[in-house]
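Residues per chain are reported as follows:
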Amino acid sequence: MYSYSLLLAILLFKIHSISVIASAEAPLVTAAPTRVIAKRQTPILSTLQYAYTGLPYQVYPFQVLRGPQFGFNQCNSTTLGPNSNCQTLIFNGPDDFCLWGSPDPNGQIGSVEAKVVAYCTKPYHGTRLIPPDAITGLQWIRTSAYIQVTGFIKNSGIGLDNTTGNGGELDPHGADLQGNPLGGVVYSNGTKDSDGHSLVQVMNWNTFVGDGQFCFKACFNSVTSPDYCENRYDLVGCAYNMPSAVKNGEFTECDSDLQDVVGVVVNGSITSTWSMPDPLTATPPYQPRVPASSNCKTHHATDLFLAMPTSSSSSSTSARTTGSSVRASGASVSGSTAPPTNTGSVRSSASRPLLSPAILSIFVGLSVGVYSLI
C-alpha cells in the first residue's frame, strides 16, 4: 500500500512538472476583451417640458447628432435686441406673438432651420423685434383645439432673404426628433391649457415662413387626437396646413371652426388619405376647406404693433445683450456676465385691452428716459 501511494505521488509530481514547463514555454492566450460602447440616448425635444420660470439656460445642450443648441432659452430684458439668440418663442395673441427667423442677415430657412431665433412683436420677451411695418396683414383665430395666425410679412423683418423660394416648415419633431430649431420651445397664455395669464409650454406646434407669408399654429396640450399640428405635409405650405381667410392689408381676429385634418380627402361618401410625394411634382388632388369663422374683430396695425421708432427713441429697441443694463416691461434688470435668469414677467393679451399708440409712445419714452439715467 505504501509503495503504491508513493508511486502515485511521484507520478502526479511529474505530470505537474511537465504542465508547468509546457505553460512556461507556451502560455495560454485568451481573446482580448470586447470594448462595449454604450449608446447615448438622444433626448426627444418634444418631450422636454419646463415651467417658464424654470427654463435652463439651454434646453438642448447635448452634443449628439446636430447638437448642441445654437442659442439659449433664459430670455429677459438683458437679452433684448437685434443680436439676441433667444430660442424661446411666445405666442399669446394678435398683439403679442413671435415668429422664428434667421439669426444671420438674408438667411434661408433651409440653411438655418436648426438655429432660428425668436422675433417678437413686443419688447417683453428678451428677443429680437419684428419691425412694426414688416407684417402687412394677418388673421388670428381661436378654435377648440388650437390657436393660429396666418399673415403676410416682409422677409427681411425676420432676417430672411427677400427673394422667393426660401420658405420652410419648422416644428419640435424632425427626422431625428431634435426639432427645428434644435432647443426651441414655445409658450403661450392664449391656449386653453393656460389660465389666461400664466405662460404654459406648447408641446405640439408647427409653422411655415418665407416667400412673404407666414403661419403658426399652437395645438392645445389637452387635445391629442386628431393631430391638428401634423408636420408630415411640409411641402404644401400654409394653404393646406392652415387654410384661412387672411387678406393682405387686413388685421382680424376671429373664433373659428376646426379645419379638416391635413391630407384627408372627402369625396362624397368616400374618405381617403393623400400621401405627399417627395419631391412634390404636382399640386395635391384636393382643395383645402377654409373653416367658417365668427365673432371677428378688425384692428389697425397700430393697435397691434409698436409705432415706428423715432431717432430719439430708437435706442429703446437697440441691442441689449447679456452684460448691459436695461429697463423693459417696467422691470429694471442689472446686467451680468452670468447667464440671464428668467423673470417670468409676461404681458397677457387675454387679460388686457390692446395697447393704444399713445400709451405705447409713453412706454417707449419712459424706457429711454430711465435707460439714460442708468
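Look above for the structure.
Described below are features of the structure shown in this document. The model shown is predicted, which means the values in this text are computed figures rather than measured ones.

**What to know about the nonpolar core**
Inference 1: Judged by nonpolar contacts, the single largest core of 47 residues is most densely connected at Phe91, Phe97, Trp100, Ile135, Leu138, Phe214 and Phe216.
Inference 2: Formed by eight residues, the second largest nonpolar core is a distinct cluster that contains Tyr233, Val236, Tyr240 and Met276.

**Details of the pattern of salt bridges**
Inference 1: Under the defined criterion, the tally for this structure stands at seven salt bridges.
Inference 2: When the shortest N-O distance is used, the salt bridge between arginine 232 and glutamate 230 registers 3.1 Å.
Inference 3: Judged by relative accessible area, glutamate 230 falls into the buried class, the value being 13%.
Inference 4: One continuous salt-bridge network, built from bridges that share partners, spans Arg142, Glu253 and Asp255.

**A short note on the packing of aromatic side chains**
Inference 1: Using the criterion set out here, one finds 15 aromatic pairs in the structure.
Inference 2: Aromatic pair tryptophan 100 and tryptophan 205: ring centres 6.1 Å apart, planes at 40°, arrangement tilted. Of the two residues, tryptophan 100 is situated in strand E2 (residues 96–101) and tryptophan 205 in strand E10 (residues 204–210); the sequence distance between them amounts to 105 residues.
Inference 3: Using a relative accessible area of 1% as the deciding quantity, one classes tryptophan 205 as buried.
Inference 4: The ring of phenylalanine 70 has lysine 115 lying over it, and the distance from NZ or CZ to the ring centre is 5.2 Å.
Inference 5: Over the ring of tyrosine 146 we find lysine 217, and its NZ or CZ is 4.8 Å from the ring centre.

**Here's the deal with unusual backbone geometry**
Inference 1: Between serine 225 and proline 226 the backbone carries a cis peptide bond, its omega angle lying at -5°.
Inference 2: Topologically, proline 226 is positioned in the loop between strand E11 (213–219) and helix H3 (237–241).

**Observations regarding the sheet that holds strand E5 (residues 135–142)**
Inference 1: The mixed open sheet is built from seven strands, whose spatial order is E7-E10-E11-E6-E5-E12-E15. In the strand order of this sheet, the two ends are held by strand E7 (168–170) and strand E15 (293–299), each with one partner. The mean inter-strand angle of the sheet, taken between neighbouring strand axes irrespective of direction, is 15°.
Inference 2: Pairing geometry for E5 and strand E12 (residues 251–256), over five bridges, is parallel. The residue of E12 that forms the bridge with arginine 142 is aspartate 255.

**As for the pairing of E5**
In the case of a regular strand, side chains alternate between the two sheet surfaces.
Inference 1: For E5, the buried fraction is high: six of the eight residues fall into the buried class.
Inference 2: Here E5 hands over to strand E6 (residues 146–153) after three residues, the two strands then running antiparallel side by side.

**Digging into the environment of glycine 237**
Inference 1: Assignment of secondary structure puts glycine 237 in helix H3.
Inference 2: Spatially, the C-alpha atom of glycine 237 lies 9.1 Å from that of phenylalanine 214, the residues being 23 residues apart in sequence.

**What to know about the pairing of E6**
Inference 1: Of all eight residues making up E6, eight are buried, and the element is well covered by its neighbours.
Inference 2: Across seven bridges, E5 lies against E6 in antiparallel orientation. Bridge assignment links glycine 137 to a residue of E6, and that residue is phenylalanine 152.
Inference 3: Strand direction decides the pairing type here: E6 and E11, joined by seven bridges, are antiparallel. The residue of E11 that forms the bridge with isoleucine 147 is alanine 218.

**Focus on the state of the cysteines**
Inference 1: The full count for this structure, using the stated rule, is five disulfides.
Inference 2: One disulfide bridge connects cysteine 215 with cysteine 238, the sulfur atoms lying 2.1 Å from each other. Looking down the S-S bond of the cysteine 215 and cysteine 238 bridge, the torsion is -95°, so its handedness is left-handed. In this pair, cysteine 215 sits in strand E11 while cysteine 238 sits in helix H3, placing the two residues 23 residues apart along the sequence. Exposure class is identical for cysteine 215 and cysteine 238. Each is buried.
Inference 3: Two residues, cysteine 219 and cysteine 229, share a disulfide whose sulfurs are 2.1 Å apart. Disulfide cysteine 219-cysteine 229: the torsion about the S-S bond is 105°, which places it as right-handed. One end of the pair, cysteine 219, is in strand E11; the other, cysteine 229, is in the loop between E11 and H3, and ten residues separate them in sequence. For the pair cysteine 219 and cysteine 229, a shared accessibility class is recorded, and that class is buried.

The rules we used
- Residues numbered from 1 in each chain as written.
- Predicted model: local features only at pLDDT ≥ 70, side-chain atom pairs only at ≥ 80, totals over all residues.
- Heavy atoms only, no water.
- Core = buried A, V, L, I, M, F, W, Y, C linked by side-chain atoms within 4.5 Å.
- Buried < 20%, exposed > 50% of the residue type's maximum accessible area, 1.4 Å probe, protein only.
- Salt bridge = Lys/Arg side-chain N within 4 Å of Asp/Glu carboxyl O.
- Phe/Tyr/Trp six-rings, centres within 6.5 Å; stacked < 30°, edge-to-face > 60°.
- Helix = DSSP H or I, 4+ residues; strand = E, 2+ residues; numbered from the N terminus.
- Lys NZ or Arg CZ within 6 Å of the ring centre and 35° of its normal.
- Pairing = 2+ DSSP bridges.
- Axes fitted to C-alpha atoms, helices over the stretch in contact; angles between N-to-C directions.
- Disulfide = S-S within 2.5 Å.

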